[in-house]
Amino acid sequence: MADAPTDDVDTSRQPWDGGGQGTGPSNSAPTGGAGDPAAPERPSDEDILAQQNQIRAEQARVSEYVGNEEPMSALKEEYINGNQNFVQKIAKLEASYSTFRRTRGDGNCFFRGFIYSYLESLLLARDLTECDRIKSVIQEWKGKLVDGGFQALVFEDAMDVLLEQVAEISKPYTNFAHDKLLVDMRDDTISNLIVMLLRLITSCEVQRREDHFFPFILGMYDEPPATVELFCQRHVEPMGEESDHLHIVAITDALQIPVRVVYLDSSGLPTGGGSGLDATVHDFVPDSCVPGTHPRVHLLYRPGHYDILYAKGG
Amino acid sequence: MGDTLAANLLRKQLKELTKHPVDGFSAGLVDDSNVFEWQVTIIGPPETLYEGGFFNARLTFPKDYPNSPPTCRFTSEMWHPNVYDDGKVCISILHNPGDDPNGYETAAERWSPVHTVETIMISIISMLSSPNDESPANVDAAKMWRENRDEFKKRVARIVRKSQEML
């Protein structure tokens with residue numbers, strides 16, 4: 001059982017962090033501790049599994065799939081007694097972002113944060129042109145998924161659920177509609193079906209553009225999956241598998257939704273003042289969009305986890 | 001709303017499988033009022049030790065299917081490295097990622113929501129054709145498969161005969 005890294009049961013993790021990139025299966029093999037005579041005795045596989053499930057249950061109790069909007073100061077407080085590089089970067093982010101919203105760290109946080117933020121932005125802006133566009137893009141994926149070998153019955157309910165959400169947000173804005181979106185995205189069934197659909201579309205997009213994506217897959221792992229199909233079966237389609245750069249490229253291309261990711265980590269020399277450090281920003285702008293298209297979705301990435309950011313004046 | 005979507009998805013599959021049966025197995029509900037509990041009969045795949053057998057099994061789906069996998073348990077007697085003493089089938093696709101009690105290689109395909117009764121049965125049929133003795137659920141069967149193939153064949157021939165008598 002080489003792939004149950006001890007990281008997975010690290011109870012000292014922040015509540016928002018359900019398991020980082022570092023605990024993903026790709027990096028886990030060398031951390032098994034086997035063959036290290038000084039390593040303490042490993043707990044049994046059953047114990048590890050039970051503890052993982054317990055941590056997951058705990059997570060579910062303390063955090064919603066999609067949390068409430070919080071001021072940036074709440075984010076800063078997490079680091080106030082810790083690494084000051086975070087504090088400096090967050091202070092700079094406050095110029096562009098007013099609030100943020102946490103997502104549950106269950107491995108689905110990218111997909112869930114991405115779609116919630118997107119739907120919410122459409123609702124707030126009441127952008128009917130974009131609603132129509134995304135509706136037809138989703139409908140086009142029906143044929144593409146079937147061509148890609150996915151059974152229609154596997155995804156058609158999920159597609160109906162997502163299209164229903166799009167239909168709801170096409171209506172004039174009400175507080176009720178806003179609340180309903182949040183309630184739905186906190187609902188086990190609705191929320192997870194939508195995440196599942198996004199995973200299948202991502203998988204299909206990666207497989208349709210195998211030649212483009214395969215070199216990246218080869219670069220992601222010490223022992224890369226032999227085919228793009230295996231990569232998708234192992235790292236894209238299963239719920240709870242962490243998203244990487246590649247997943248983001250694929251889904252933003254597939255749905256033609258530009259996304260900005262703000263990377264917040266401890267990197268940089270502690271300057272102890274001055275102009276301070278900037279968080280790294282990366283825009284995922286699909287080829288089909290005009291270069292420089294303004295991102296609709298802003299996400300905050302901290303190693304292993306994505307939350308939602310709200311741009312000022314957006 | 002929770003289990004109605006799961007139930008709906010399972011009902012669709014039942015309808016589809018009734019209309020267009022798939023070679024190698026038959027499937028239906030144990031009790032028409034419960035779409036989460038399936039009764040399947042697997043036909044021993046041709047040109048394998050299990051050829052000629054008719055093996056019954058139960059598929060039990062969780063309420064959060066397709067986010068979590070069903071369990072599959074043979075109710076007919078079974079002798080196979082990847083089937084526990086109590087009949088429970090242990091193959092990688094019936095495990096969630098991360099849930100790894102049997103030390104599958106990381107490359108093995110895990111559960112994902114793309115799996116249906118049909119793809120699960122196809123995996124189980126393929127398991128019968130090619131046992132994986134690297135991560136055995138039944139250590140005795142795995143040992144016999146590896147070290148005493150003749151004895152293994154005899155043992156399987158016996159359960160094949162038994163399954164025919166039960167028809």
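Per an unreviewed UniProt entry, chain B carries the name E2 ubiquitin-conjugating enzyme and comes from Gonium pectorale. What UniProt states about chain B under its Sequence similarities (unreviewed entry) heading is, verbatim, "Belongs to the ubiquitin-conjugating enzyme family."

Within an unreviewed UniProt entry, the label attached to chain A reads ubiquitinyl hydrolase 1, and the organism entered is Gonium pectorale. Under the UniProt heading Catalytic activity (unreviewed entry), the note attached to chain A is "Thiol-dependent hydrolysis of ester, thioester, amide, peptide and isopeptide bonds formed by the C-terminal Gly of ubiquitin (a 76-residue protein attached to proteins as an intracellular targeting signal)."

Undergrad: What is the right way to read the overall build of chain B from this model?
TA: A count of helices and strands for chain B gives four helices and four strands. When its helices and strands are written in sequence order, chain B yields α-β-β-β-β-α-α-α. Along the longest, intermediate and shortest principal axes, the C-alpha atoms of chain B span 50 × 40 × 25 Å. Residues classed as buried in chain B amount to 50% of the 167 residues present. The long-range fraction of contacts in chain B, counting pairs at least 24 apart against all pairs at least 6 apart in sequence, stands at 52%. Here chain B displays about 8,100 Å² of accessible surface, and carbon together with sulfur accounts for 48% of that area.

Undergrad: Whenever I open this one, the overall build of chain A confuses me. Can you help?
TA: What chain A contains, in helices and strands, is 12 helices and six strands. The buried share of chain A, reckoned over its 314 residues, is 49%. Contacts in chain A between residues far apart in sequence, at least 24 positions, make up 77% of those at least 6 positions apart. Accessible surface, chain A: about 14,300 Å² in total, of which carbon and sulfur atoms supply 52%.

Undergrad: Even after reading the chapter, I still don't get the pattern of salt bridges, so can you show me in this structure?
TA: Pairing is possible between side chains of opposite charge, provided their charged atoms come close. All names here are of chain A. Within the structure shown, the criterion is met by 25 salt bridges over all chains. For Glu 78, the salt bridge is made with Arg 302, and the minimal N-O distance between the two is 2.9 Å. Of the two residues, Glu 78 sits in the loop between α3 (72-77) and α4 (84-93) while Arg 302 sits in strand β5 (residues 297-302), which places them 224 residues apart along the sequence. Between Lys 92 and Asp 278 there is a salt bridge whose closest N-O contact spans 3.3 Å. With Lys 92 in helix α4 and Asp 278 in the loop between β3 (259-263) and β4 (280-284), this pair connects stretches of sequence that are 186 residues apart. Taking relative accessible area as the criterion, Asp 278 reaches 51% and is therefore assigned exposed. One network of salt bridges, in which partners are shared, links Glu 70, Glu 78, Arg 102, Arg 302 and Asp 307.

Undergrad: Got a minute to help me understand the sheet that holds strand β1 (residues 66-71) of chain A in this structure?
TA: Sheet strands pair by backbone hydrogen bonding; their relative direction is either parallel or antiparallel. All names here are of chain A. The strand order β1-β2-β6-β5-β3-β4 describes an open sheet built from six strands, whose pairing is mixed. Whereas interior strands pair on both sides, the edge strands pair on one side only; in this sheet they are β1 and β4. Strand-to-strand twist across the sheet, computed as the mean angle between neighbouring axes with direction ignored, equals 30 degrees. As paired strands, β3 and β5 are joined by five bridges and run parallel to one another.

Undergrad: What is the right way to read the pairing of strand β1 (residues 25-31) of chain B from this model?
TA: Working note: regular strand, side chains alternate between the two faces of the sheet. Residue and element names in this part refer to chain B. Summarising the sheet, β1 and strand β2 (residues 34-43) pair through six bridges and their orientation is antiparallel. By the bridge assignment for β2, Phe 25 is matched with Ile 42. Linkage of β1 to β2, two consecutive antiparallel strands, is achieved through a turn of two residues.

Undergrad: So what exactly am I meant to see when it comes to the packing of helix α3 (residues 139-147) of chain B against helix α4 (residues 149-165) of chain B here?
TA: Packed helix pairs are characterised by how far apart their axes lie and by the angle those axes make with each other. All names here are of chain B. One way to put it is that α3 packs onto α4 with a least axis distance of 6 Å and a crossing angle of 125 degrees. With respect to α4, the element α3 is oriented oblique. Contacts between α3 and α4 involve Ala 141, Met 144, Trp 145 and Glu 147 on the former and, on the latter, Arg 149, Glu 151, Phe 152 and Arg 155. When grouped by side-chain class, the residues that make up the contact of α3 with α4 number four nonpolar, no polar and four charged.

Undergrad: Help me out: how do you make sense of the sheet that holds strand β4 (residues 71-74) of chain B in this one?
TA: Residue and element names in this part refer to chain B. Across the sheet, which stays open at both edges, the four strands sit in the order β1-β2-β3-β4 with antiparallel pairing between neighbours. Where the open sheet ends on each side, the last strands, each with one partner, are β1 and β4. Across the sheet, the axes of successive neighbouring strands diverge by a mean angle of 30 degrees, strand direction being ignored. Across the face of the sheet, helix α2 (residues 117-129) comes into contact with β1, β2, β3 (54-60) and β4 while running at roughly 35 degrees to β2.

Undergrad: What's the story with the UniProt feature "active site" (unreviewed entry) in chain B in this structure? I'm lost.
TA: All names here are of chain B. In the numbering used here, UniProt assigns the feature "active site" (unreviewed entry) to Cys 90. Topologically, Cys 90 is positioned in the loop between β4 and α2. Classification of Cys 90 by relative accessible area gives buried; the value is 3%.

Undergrad: Any chance you could explain the packing of helix α6 (residues 128-147) of chain A against helix α9 (residues 188-208) of chain A here in plain terms?
TA: All names here are of chain A. Where α6 meets α9, the closest approach of the two axes is 10 Å, and the angle between their N-to-C directions is 60 degrees. Judged on the interaxial angle alone, α9 and α6 are oblique. Handedness of the crossing formed by α6 with α9: left-handed. On α9, the residues touching Trp 141, Lys 144 and Leu 145 of α6 are Leu 197, Leu 200, Ile 201, Cys 204, Glu 205 and Arg 208. Residue composition of the contact of α6 with α9, grouped by class: six nonpolar, no polar and three charged.

Undergrad: It is not clear to me how the packing of aromatic side chains should be interpreted in this structure. Could you clarify?
TA: What describes a pair of aromatic rings is the distance from one ring centre to the other and the angle between the planes of the rings. Summed over the entire model, instances satisfying the criterion amount to 13 aromatic pairs over all chains. Pairing Phe 110 of chain A with Phe 114 of chain A gives two aromatic rings, centres 5.6 Å apart and planes at 20 degrees, and the pair type is stacked. In this pair, Phe 110 of chain A and Phe 114 of chain A both sit in helix α5 (residues 109-125), four residues apart, roughly one turn of the helix. According to the relative accessible area criterion, Phe 110 of chain A is buried, its value standing at 1%. Every member of this aromatic cluster is reached through a ring pair, and the members are Phe 110, Phe 111, Phe 114, Tyr 263, Tyr 301 and Tyr 306 of chain A. Looking at Lys 63 of chain B, its charged tip hangs above the ring of Phe 36 of chain B, at a distance of 4.0 Å from the centre.

Thresholds applied
- Residues numbered from 1 in each chain as written.
- Chains lettered and ligands numbered in written order.
- Predicted model: local features only at pLDDT ≥ 70, side-chain atom pairs only at ≥ 80, totals over all residues.
- Heavy atoms only, no water.
- UniProt positions renumbered as here; feature names shortened; annotations may be inferred.
- Helix = DSSP H or I, 4+ residues; strand = E, 2+ residues; numbered from the N terminus.
- Buried < 20%, exposed > 50% of the residue type's maximum accessible area, 1.4 Å probe, protein only.
- Contact = heavy atoms within 4.5 Å.
- Areas by Shrake-Rupley, 256 points an atom, 1.4 Å probe, with all protein chains shown as cover.
- Salt bridge = Lys/Arg side-chain N within 4 Å of Asp/Glu carboxyl O.
- Pairing = 2+ DSSP bridges.
- Axes fitted to C-alpha atoms, helices over the stretch in contact; angles between N-to-C directions.
- Parallel < 35°, antiparallel > 145°, perpendicular 65-115°, else oblique.
- Nonpolar A, V, L, I, M, F, W, Y, C, P; charged D, E, K, R; others polar.
- Left-handed = near helix turned anticlockwise from the far one by under 90°.
- Phe/Tyr/Trp six-rings, centres within 6.5 Å; stacked < 30°, edge-to-face > 60°.
- Lys NZ or Arg CZ within 6 Å of the ring centre and 35° of its normal.

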